[in-house]
Amino acid sequence: MFDFDVIITKHSESLIQQLVETWERYNNVRHERPMMLEERWEHFIRATDPATISVAA
């Protein structure tokens, strides 16, 4: 899994936020409660991880 702090260091926080927001909007992802960007990033990584997807299929 990609470490959030490493990703933010290599890329800008605004880029990561835009990526997550675009993915959430495209996939109609709604969270029950407000989440920090780090939590949303972890959800995005788990949801798009090929190993996780193949187990769920």
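Everything quoted here is computed from the prediction, not taken from an experiment. Counting restarts for each chain, with residues numbered from 1 along the sequence as it is written. Local features in a predicted model are, by the rule used here, given only for residues with pLDDT of at least 70; side-chain atom pairs are given and counted only at 80 or more, and totals for whole chains, interfaces and linings are based on all residues. With hydrogens and water set aside, each side-chain value is computed from the structure's full complement of heavy atoms.

J.: Tell me about the pattern of salt bridges, and please be specific about residues and values.
T.: Any carboxyl oxygen of Asp or Glu within 4 Å of a side-chain nitrogen of Lys or Arg constitutes a salt bridge here. Applying the stated rule across the entire model yields two salt bridges. A salt bridge links E39 to R33; the shortest N-O distance between them is 3.0 Å. On the accessibility criterion, E39 (28% relative accessible area) is partly exposed. Only protein chains enter the accessibility calculation, which uses a 1.4 Å probe; a residue is then buried when its area is under 20% of its type maximum, exposed when over 50%, and partly exposed in between.

J.: Talk me through the environment of T9; I want residue IDs and the actual numbers.
T.: Here T9 lies in helix 1 (residues 4-10). With a relative accessible area of 67%, T9 lands in the exposed category. At 2.7 Å, the side chain of T9 and the backbone oxygen of D5 are in polar contact. Numbering of helices and strands runs from the N terminus, with a helix taken as a DSSP run of H or I at least four residues long and a strand as a DSSP run of E at least two residues long. We define a polar contact as two N or O atoms separated by no more than 3.5 Å, with the added condition that, inside protein, one atom must be a possible hydrogen donor and the other a possible acceptor, whereas residues neighbouring each other in sequence contribute only through side-chain atom pairs.

J.: Can you break down the packing of helix 2 (residues 13-26) against helix 3 (residues 37-48) residue by residue, with the values?
T.: Packed helices, taken two at a time, are described by the angle their axes make and the gap between the axes. Lines fitted to the C-alpha atoms define the axes, with helices restricted to the stretch that makes contact. Angles between their N-to-C directions range from 0 to 180 degrees. Between helix 2 and helix 3, the least distance of the axes is 10 Å, while the angle of their chain directions is 55°. One way to sum up the angle between helix 2 and helix 3 is to call them oblique. The element helix 2 and its partner helix 3 pack so that their crossing is left-handed. For the pair helix 2 and helix 3, contact is made by E13, I16, Q17, L19, V20, E21, W23 and E24 and by L37, R40, W41, H43, F44, A47 and T48, respectively. For this scheme, ten residues count as nonpolar: Ala, Val, Leu, Ile, Met, Phe, Trp, Tyr, Cys and Pro. Four count as charged, namely Asp, Glu, Lys and Arg, and the remainder, Gly too, count as polar. In the contact of helix 2 with helix 3, the residues fall into eight nonpolar, three polar and four charged. An angle below 35 degrees is treated as roughly parallel, one above 145 as roughly antiparallel, one from 65 to 115 as roughly perpendicular, and anything else as oblique. Two helices cross in a left-handed way if the nearer one is turned anticlockwise from the farther one by less than a right angle. They cross in a right-handed way if the turn is clockwise. Only heavy atoms enter the contact rule, under which two residues are in contact if any of them lie within 4.5 Å.

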